[in-house]
Protein chains: 2
Amino acid sequence: MHPIYDHSKSREQYLRASKVIPSGVYGHLGPAEGCFIPVSAYPQFSEKAKGPYFWDIDGNRYIDYMCAYGPNILGYNDPDVDEAAAKQREKGDCITAPSTVMIDFAELLVDTVASADWAFFAKNGNDVTSIAIRAARTHTHRKKIVFFKGYYHGISPWCQKIDYAGVLEEEVCNNLYVDWNDFEQLELVFEEHKHEIAAVIGQPYMHGNFMDNQLPEQDFWQKVRKLCDDEGTVLIIDDVRAGFRLDLKGSDHYFGFKADLICFCKALANGYNVSALCGQEHMKNAVSALSVTGSYWLSAVPFAAGIACIEKLKRLDAPKLLIDKGIALTDGLKAEAGKYGYDLRVSGVPSLFYLRLADDPSLRLHQAWVAECQKRGVYFTNHHNHFINAALSDEDIRETIEIAGEAFAALRQQGR
Amino acid sequence: MHPIYDHSKSREQYLRASKVIPSGVYGHLGPAEGCFIPVSAYPQFSEKAKGPYFWDIDGNRYIDYMCAYGPNILGYNDPDVDEAAAKQREKGDCITAPSTVMIDFAELLVDTVASADWAFFAKNGNDVTSIAIRAARTHTHRKKIVFFKGYYHGISPWCQKIDYAGVLEEEVCNNLYVDWNDFEQLELVFEEHKHEIAAVIGQPYMHGNFMDNQLPEQDFWQKVRKLCDDEGTVLIIDDVRAGFRLDLKGSDHYFGFKADLICFCKALANGYNVSALCGQEHMKNAVSALSVTGSYWLSAVPFAAGIACIEKLKRLDAPKLLIDKGIALTDGLKAEAGKYGYDLRVSGVPSLFYLRLADDPSLRLHQAWVAECQKRGVYFTNHHNHFINAALSDEDIRETIEIAGEAFAALRQQGR
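This structure is a prediction, so every number in the text was calculated from the model and none was measured.

Draft legend 1. Broad picture of the overall build of chain A. Counting its secondary structure elements, chain A contains 13 helices and 13 strands. In terms of overall dimensions, chain A is globule-like: its C-alpha atoms have a radius of gyration of 22 Å, near the 22 Å expected for 416 residues. Taking the principal axes of the C-alpha coordinates as reference, chain A spans close to 60 × 55 × 45 Å. Partitioning the contacts of chain A with sequence separation of at least 6, the portion at a separation of at least 24 is 75%.

Draft legend 2. Examining unusual backbone geometry more closely. Positive phi, normally seen in glycine, also occurs at N77(A), with a value near 50°. As for its position among the elements, N77(A) is in the loop between β3 (61–64) and α2 (79–91). Of note in the backbone geometry, S23(B) takes a positive phi value of approximately 65° without being a glycine. Among the secondary structure elements, S23(B) is positioned in the loop between α1 (8–20) and β1 (46–50). With 21 C-beta atoms counted inside 10 Å, the residue S23(B) sits in the buried group.

Draft legend 3. Structural context of the interface of chain A and chain B. If you look at the interface, chain A gives 89 residues, while chain B gives 88 residues. Among the secondary structure elements, those contributing two or more residues to the side of chain A that touches chain B are α1 (8–20), β1 (46–50), β2 (53–56), α3 (101–112), β4 (118–122), α4 (125–140), α5 (169–172) and α9 (284–288) of chain A. Among the elements that line the side of chain A that touches chain B, the one with the most residues is α4(A), at 6 residues. The residue makeup of the side of chain A that touches chain B, split by class, is 44 nonpolar, 28 polar and 17 charged.

Draft legend 4. Highlighting the environment of D104(A). Tracing the sequence through the fold places D104(A) in helix α3. Residues D104(A) and F303(A), 199 residues apart in the sequence, show an inter-C-alpha distance of 8.3 Å.

Draft legend 5. Region of the structure containing the nonpolar core. Formed by 273 residues in total, the largest nonpolar core has its most connected members in A119(A), I236(A), A276(A), A119(B), I236(B) and A276(B). In contact with A276(B), not counting residues within four places along its chain, are L109(B), A119(B), F120(B), F121(B), V128(B), F264(B) and L268(B).

Draft legend 6. Seen up close, the relation of the copies chain A and chain B. The two copies are related by a screw operation: chain A maps onto chain B through 180° of rotation and 0.0 Å of translation along the axis, at an RMSD of 0.0 Å. A rotation of that kind, with that shift, is consistent with a two-fold axis. In this assembly, 99% of the residues forming the interface of chain A have copies in chain B that are likewise at the interface, indicating an isologous arrangement.

Draft legend 7. Region of interest: the sheet that holds strand β4 (residues 118–122) of chain B. Residue and element names in this part refer to chain B. Strand order in this open sheet of 7 strands is β4-β10-β9-β8-β7-β5-β6, and the pairing throughout is mixed. The sheet is open, and its two borders are formed by β4 and β6 (175–178), each paired with just one other strand. Neighbour-to-neighbour, the strand axes of the sheet open up by a mean angle of 20°, direction not taken into account. Strand direction decides the pairing type here: strand β5 (residues 144–148) and β6, joined by 4 bridges, are parallel. Each residue of the ladder has a partner; that of I145, found in β6, is N175. Across the face of the sheet, helix α4 (residues 125–140) comes into contact with β4, β5, β7 (197–202), β8 (234–238), β9 (261–264) and β10 (275–279) while running at roughly 30° to β10.

Draft legend 8. Region of the structure containing the domain arrangement of chain A. All names here are of chain A. Structurally, chain A comprises domain 1 (8–64 + 318–413) and domain 2 (79–315). Here domain 1 and domain 2 have C-alpha centroids that lie 27 Å from each other. With 15 residues of domain 1 in contact, the opposing surface of domain 2 contributes 12 residues. If you list the elements that add at least two residues to the side of domain 1 that touches domain 2, you get α11 (318–339), β11 (344–347) and β12 (354–357). Here the element with the most residues in the side of domain 1 that touches domain 2 is α11; it accounts for 3 residues. Broken down by class, the residue content of the side of domain 1 that touches domain 2 amounts to 7 nonpolar, 6 polar and 2 charged.

Draft legend 9. Focus on the sheet that holds strand β2 (residues 53–56) of chain B. Residue and element names in this part refer to chain B. Strand order in the open sheet formed by 4 strands is β1-β2-β3-β13, with mixed pairing between adjacent strands. In this open sheet, the two edge strands, each paired with only one partner strand, are β1 and β13 (378–379). Two strands pair when backbone bridges link them, and β2 and strand β3 (residues 61–64) are joined in this way by 3 bridges, in the antiparallel orientation. Paired with F54 across the strands is Y62, a residue of β3.

Draft legend 10. Here's a closer look at the packing of α11(A) against helix α13 (residues 394–413) of chain A. All names here are of chain A. Across the interface, α11 lies against α13 with an axial gap of 9 Å and an inter-helix angle of 25°. Taken together, the axes of α11 and α13 lie roughly parallel to each other. As α11 packs across α13, the resulting crossing turns out to be right-handed. Residues K325, A328, L329, G332, L333, E336, A337 and K339 of α11 lie in contact with α13, whose contacting residues are I397, T400, I401, A404, G405 and F408. Of the residues in the contact of α11 with α13, the class split is 8 nonpolar, 3 polar and 3 charged.

Draft legend 11. Expanded view of the pairing of strand β7 (residues 197–202) of chain A. Residue and element names in this part refer to chain A. For β7, a buried count of 6 out of 6 residues is recorded, marking the element as mostly surrounded by other parts of the structure. Alignment of strand β5 (residues 144–148) against β7, held across 4 bridges, turns out to be parallel. Paired with I145 across the strands is A199, a residue of β7. Where β7 lies against strand β8 (residues 234–238), 4 bridges are found, and the strand directions are parallel. Across the sheet, residue I201 finds its bridge partner in β8, namely I236. Traced from β7 through helix α7 (residues 220–231) to β8, the parallel crossover comes out right-handed.

Draft legend 12. Examining the environment of L186(B) more closely. Within the secondary structure, L186(B) is located in helix α6 (residues 183–192). Ignoring any residue separated from it by four or fewer positions in sequence, one finds L186(B) in contact with V146(B), V178(B), V224(B) and L227(B).

Calculation criteria
Residues numbered from 1 in each chain as written. Chains lettered and ligands numbered in written order. Predicted model: local features only at pLDDT ≥ 70, side-chain atom pairs only at ≥ 80, totals over all residues. Helix = DSSP H or I, 4+ residues; strand = E, 2+ residues; numbered from the N terminus. Rg over C-alpha atoms; globule rule 2.2 N^0.38 Å. Contact = placed C-beta atoms within 7 Å. Buried ≥ 20, exposed ≤ 12 C-beta atoms within 10 Å, placed from the backbone. Nonpolar A, V, L, I, M, F, W, Y, C, P; charged D, E, K, R; others polar. Core = buried A, V, L, I, M, F, W, Y, C linked by C-beta atoms within 7 Å. Least-squares fit on C-alpha atoms with pLDDT ≥ 70 in both. Pairing = 2+ DSSP bridges. Axes fitted to C-alpha atoms, helices over the stretch in contact; angles between N-to-C directions. Domains from an automatic or database assignment. Parallel < 35°, antiparallel > 145°, perpendicular 65-115°, else oblique. Left-handed = near helix turned anticlockwise from the far one by under 90°. Right-handed = clockwise from strand over helix to strand, strands pointing away.

Structure follows, in structure tokens:
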């Protein structure tokens, strides 16, 4: 039996943070964005991280299935990536003129990603999805954008909703929404807005929060691709979350089609701060025409880290490795749930698995189970996909399944 | 006499970059954003940097007055900042839960910046100016924003112009523009748009490109502050460029007023990738209400670097140091210009000095002089303010003035 964790230092520090930081801890752990992560059950602050683990400030170790919400793909503090970054840092990072390591990284992405004839670097996923939308509007001289319901493409107003604080109706009035996998609905929207649709933007499959993740139906993307071609619409794939965990050639390649523009961020450099917009040749001029830059966009260290990361992912054949680990883990979790009479549903690609306990309309049973896992050292989250990293060992997977079982046993003891 | 630099490797690499990166090198060195920086006269790629210098890939050394367009405030690869960053990196950087070093940094900014009761961190200047605008709209339930003509607040559509590629009229239709230092015009705009103006956003003084930089007139900010108070409008200061080079307490404090929200980025962590929105207590809830985050926003290394940077800036009394160096330099440059019969106009705060040769309506004489400086190892730029860093020595300043003289002599030889 695993001991039950105490988070009292985390809670103290959260109160301290709340005094000087709006919402204390923001992002996924904060009240606005969090997938119902209760402060009482989760650690709020980390002390250190290594490989597949992080330690919170109360000294508890977690087998981490969130991977910093994606960036950690090789394991925290990967020695190869860190060495390449340190070597570049000695020379310089953020300099008046960029390093040619930027070109090396662009060439590597062009060699690696099937739909990439070029690469353009920024800092956040939101930077590159926003640039993609502007490039599509510039390329087509059109305004409207089609989204698939359940999407997340960043934090800028264009991709948020009118009921979000500080978002104006003017900023979202050119947005159109269709159901995922519903090609007929998409065709109807194209008919209604003939010659008006600049872009369709989608994640490679529906890995939205608070829903079972859904793969594309047979030929869905192929039909969308053809429709976009026929109508002169730019097809943008937001591979910020799934990128390099399905296919090093891009998640569009995994599903057998080619995006016009594809957005990467999280797994690009194992946590070093860089994002990339890649695309086909015919979109290059539109990107060149934009007035976009940022203080640190041309910094050299993240490029050096990105090169080391992608090269190591290739050596490891990482997507297969991560998917295999994900299958082993989720098969074990499902079996363990069954032993205690629970039905654990697993969806999405296994390297990014999404979990839900069946027969739980209020979601509270699932949340209680995740909290019991947390308390014993397995960092799952409630209603967001998870992430596998390459440092996760068979022993880590075995221990995770064991802890999951203890968590199910605890639920039974609570009479749930 | 200083030797004339050759940039042939830079030019070769620029061609290589152009194949795989839209516009080759973007940002300030690119064709879209550059202040008329000709590829032939400027190095396009750096090899390394140290203190006040960087070296290009042709082996030329530059005394650098652009400081990576601001981030380099202590000197490149400052040992104190790098050591703090390296220590944090060993523990971890981008982790599922943040480090408490984020709270330490927020508390330090609250202690340092006069108008800061809290701090909220992101990655680019554009992130925090955008968050400020959304917070102002949330706080006031109003839409309209007043800008001062000549402004630059980032790359998002809301702060660009309708003739910029990919910007929609819907995205800028709530923008109002007034002339810098014209308080009566601002009052008129407030009367015309009674109860509609969410925010006034301004740089602490007008440090726009292609214009002599202009300080605020006597009482200008005090009158703006009072008008905003009377009308319930949020006053946002964009201190991304000038921050910590005028006053460690904030550039609003330097000019004797208090912003509601103040945006920092460039000089915050000596090149480590972080930006910060700070503000007064009454704006904290509005920021908490926003749905904003990013993959690397809570990374620990830049916070550790930021703490070391701000603490060192305090030990050095950096703004005074930088302003004194700027005065010594620009006094010397003006005198040197005079020796050759040229009239060099210097504007802005000396730590961010802007240069212009008088009687040069086409701007070509100025551009020719800057190119001659570049060719001899002084990195100025044409129509953008410059930046002083603390590592710049008296000997560097002396050498700069000497090279500037040689550049003026070269112009005379060319009969200009």
